[in-house]
Amino acid sequence: MAKLLFVMTGAAYWTLKDGTRHATGYWAEEFAAPYRTLTEAGHQVVVATPGGVVPTVDMMSLRPELAGGAQIALDLEQVIRSAEEMRRPIQLATARLEDYDAVYFPGGHGPMEDLWADPDAGRLLTTALASGKPLAVVCHAPAAMLATRVHGVSPFAGRRVTAFTNDEEEAVGLAARARWLLEDALRDMGVDFTRGEAWKPYTVVDHNLYTGQNPVSAEVLAERLVKALG
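Fair warning: this is a prediction, and the values are worked out from it, not measured in the lab. (Residues numbered from 1 in each chain as written. Predicted model: local features only at pLDDT ≥ 70, side-chain atom pairs only at ≥ 80, totals over all residues. Heavy atoms only, no water.)

**Focus: the overall build of the chain**
Turning to step 1, where the next piece is worked out: Across its full length, the chain holds seven helices and 11 strands.
Turning to step 2, where the next piece is worked out: Its C-alpha atoms give the chain a radius of gyration of 16 Å, near enough to 17 Å, the size a compact globule of 230 residues would have.
Turning to step 3, where the next piece is worked out: Buried residues in the chain amount to 55% of all 230 residues.
Turning to step 4, where the next piece is worked out: Here the analysis covers contacts within the chain between residues at least 6 apart in sequence; of these, 76% occur between residues at least 24 apart.
Turning to step 5, where the next piece is worked out: Carbon and sulfur atoms provide 51% of the accessible area of the chain, an area that totals close to 9600 Å².
Turning to step 6, where the next piece is worked out: When the 21 basic and 29 acidic side-chain charges of the chain are each reduced to a single mean position, those positions are 3 Å apart. (Helix = DSSP H or I, 4+ residues; strand = E, 2+ residues; numbered from the N terminus. Rg over C-alpha atoms; globule rule 2.2 N^0.38 Å. Buried < 20%, exposed > 50% of the residue type's maximum accessible area, 1.4 Å probe, protein only. Contact = heavy atoms within 4.5 Å. Areas by Shrake-Rupley, 256 points an atom, 1.4 Å probe, with all protein chains shown as cover. Lys, Arg positive; Asp, Glu negative; His and termini not counted. Charge placed at Lys NZ, Arg CZ, Asp CG, Glu CD.)

This is the structure in structure tokens:
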């Protein structure tokens, strides 16, 4: 049995460029699908957030039309409700990589508010990348890679990475209102950004780094993690 650290946003909103707060948090599918896949495979999950706050689910992600249907939305909600780890997260500042076999960052717009500038997220990502242990990051969670920059340089520069794309952000109506776009910021940081078709599962593996483009990529990413963990 492997022990995995799920690093999750503690934000309940995303500040847009006009100063308004867009209600958000983590995306249900990006937590629930990997959690179910990994725990059913016999692995243990620990949740960490900035300050140890209980993560907030983006309620939009539980709408049937966005979750893929009414039953899927109910299933996701049941997984979240049954996950005791979600009710007692540890503080991200206290998380030590040596205690875990792999690290996973779920997305949602929340990381665009907090993890992108969180020094503890940056420290853990940098250490995990160098360790060779599986490191998985999906959708908007690659925003946390921006926190790895030291004097403008990130260890993720040159790595093959995917993440939520500009056109997917445009499709949800938030691109024009965002302070910055994730795809642009990652390209500017020097990653080798790659992508698939919008809203279709797409994952990239670069050595021990596993990234997924959007919510429907999360379960595929989890299946890859299960294989990597043996």
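**Description of the packing of helix α1 (residues 28-40) against helix α7 (residues 218-229)**
Turning to step 1, where the next piece is worked out: α7 packs onto α1 with a crossing angle of 30 degrees between their chain directions and a minimal axis gap of 8 Å. Between α1 and α7, the interaxial angle falls into the category roughly parallel. The crossing of α1 and α7 is right-handed. Of the residues in α7, those touching α1 at E29, E30, A33, P34, T37 and L38 are A218, E219, A222, E223, L225, V226 and L229. (Axes fitted to C-alpha atoms, helices over the stretch in contact; angles between N-to-C directions. Parallel < 35°, antiparallel > 145°, perpendicular 65-115°, else oblique. Left-handed = near helix turned anticlockwise from the far one by under 90°.)

**Focus: the packing of aromatic side chains**
Turning to step 1, where the next piece is worked out: With the rule as written, the count across this model stands at six aromatic pairs.
Turning to step 2, where the next piece is worked out: Taking the centre distance of 4.8 Å and the plane angle of 70 degrees together, the rings of F6 and Y104 count as edge-to-face. Remark: Y104 occurs in strand β6 (residues 102-105) and F6 occurs in strand β1 (residues 3-7); sequence separation between them is 98 residues.
Turning to step 3, where the next piece is worked out: Given a relative accessible area of 1%, Y104 falls into the buried group.
Turning to step 4, where the next piece is worked out: By the ring-pair criterion, three or more aromatic residues cluster together here, those being F6, Y26, F31, Y35 and Y104.
Turning to step 5, where the next piece is worked out: Against the face of Y13 rests R21, its NZ or CZ located 4.0 Å from the ring centre. (Phe/Tyr/Trp six-rings, centres within 6.5 Å; stacked < 30°, edge-to-face > 60°. Lys NZ or Arg CZ within 6 Å of the ring centre and 35° of its normal.)

**A few points about the sheet that holds β6**
Turning to step 1, where the next piece is worked out: The seven strands are arranged β5-β4-β1-β6-β7-β11-β10 in an open sheet whose pairing can be described as mixed. The two strands at the open ends of the sheet, each matched to only one other strand, are β5 (90-91) and β10 (203-206).
Turning to step 2, where the next piece is worked out: Of the strand pairs in this sheet, β6 and strand β7 (residues 135-138) are connected by three bridges, and their pairing is parallel. Counterpart to V103 in the pairing with β7 is L135.
Turning to step 3, where the next piece is worked out: Together, β1, β4 (44-49), β6 and β7 form the strand contacts of α1, whose direction differs from that of β1 by roughly 175 degrees. (Pairing = 2+ DSSP bridges.)

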